[in-house]
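# Topology and contacts: notes
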Amino acid sequence: MSSNIFQNEVGKFLKNNFPVAIRFDDSGKNKFGGFQVTKKPYDFFGATKKGIYFGAEAKKVQSDRFPLNNLYQHQREALQHLESNKCKSFLLINWRRQRAGSAIWITYKDYIAIENRILESGRKSVKPTDFEEFWFLERVSGGWIVPETHKLRGIL
């Protein structure tokens, strides 16, 4: 299964910013022609310069809304497990409308706080306007960079 363009961009982004950043391979087909049943906990893993393990999930939608159910339960559990064990867990979302659109890089913990607020309001999706400006990445040719004002810039 080939990855989407945002996953390729996230791979380049993480490799440019962390000494260790590796993408979990997609499941190959088994001998019966179906895909393997093991689910990936997240798309990428690696380590910061301080040796802190991280996991990152990359999501892309071609609309102004990211449905909350696009982040699957096994991914939620894996990202929460990292948080519970003093690791970093990241979520990157790309609202890919009109070319590249906009993208955020946020900790799972901070994403969940925003998601809970959205759920309380009765909505089932998040929009770019639900996030503070300091979560957004800056678009450059072929990918994304971390702006000076980004909240996670200090961990790089």
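Remember, it's a predicted structure, so these values are computed and weren't measured experimentally.

## Quick look at the sheet that holds strand E1 (residues 20-23)
Strand order in the open sheet made by the five strands is E1-E2-E3-E5-E6, with mixed pairing throughout. Looking at the sheet topology across the chains shown, the edges are occupied by E1 and strand E6 (102-107). Neighbour-to-neighbour, the strand axes of the sheet open up by a mean angle of 20°, direction not taken into account. Pairing geometry for strand E3 (residues 53-61) and strand E5 (residues 88-95), over eight bridges, is parallel. Looking at the pairing, glycine 55 lines up with serine 89 of E5. Packing against the sheet, helix H2 (residues 73-84) makes contact with E3, E5 and E6, and its axis sits at approximately 150° to E3. Contacts from helix H3 (residues 108-120) reach E5 and E6 within the one sheet, and its direction differs from that of E6 by about 110°.

## Quick word on the side chain of aspartate 130
Position of aspartate 130 among the secondary structure elements: in the loop between strand E7 (125-126) and strand E8 (138-140). There is a polar contact of 2.5 Å between the side chain of aspartate 130 and the side chain of arginine 123. With residues near it in sequence (within four places) discarded, aspartate 130 still touches Ile114, Arg117, Ile118, Arg123 and Ser125.

## Some points on the nonpolar core
Leu14, Leu92, Trp95, Trp105, Tyr111 and Phe131 are the most contacted members of the largest nonpolar core, which totals 41 residues. With five residues, the single largest contributor to this core is E5. Those residues in contact with phenylalanine 131 that lie beyond four places of it in its chain are Trp95, Ile104, Ile106, Tyr111, Ile114, Val126 and Phe136.

## Some details on the pattern of salt bridges
What the rule picks out here adds up to eight salt bridges. Residues arginine 76 and glutamate 115 are paired through a salt bridge, measuring 2.9 Å at the closest nitrogen-oxygen approach. Of this pair, arginine 76 sits in helix H2 while glutamate 115 sits in helix H3, and the two are 39 residues apart along the sequence. Of the charged contacts in the structure, one is a salt bridge between arginine 153 and glutamate 148, with a shortest N-O distance of 3.1 Å. The exposure class assigned to arginine 153 is partly exposed, which follows from its relative accessible area of 30%. Sharing partners across several salt bridges, the network here consists of Glu9, Arg96 and Arg139.

What counts and how
- Residues numbered from 1 in each chain as written.
- Predicted model: local features only at pLDDT ≥ 70, side-chain atom pairs only at ≥ 80, totals over all residues.
- Heavy atoms only, no water.
- Pairing = 2+ DSSP bridges.
- Helix = DSSP H or I, 4+ residues; strand = E, 2+ residues; numbered from the N terminus.
- Axes fitted to C-alpha atoms, helices over the stretch in contact; angles between N-to-C directions.
- Contact = heavy atoms within 4.5 Å.
- Polar contact = N/O pair within 3.5 Å; in protein donor to acceptor, adjacent residues only side chain to side chain.
- Core = buried A, V, L, I, M, F, W, Y, C linked by side-chain atoms within 4.5 Å.
- Buried < 20%, exposed > 50% of the residue type's maximum accessible area, 1.4 Å probe, protein only.
- Salt bridge = Lys/Arg side-chain N within 4 Å of Asp/Glu carboxyl O.

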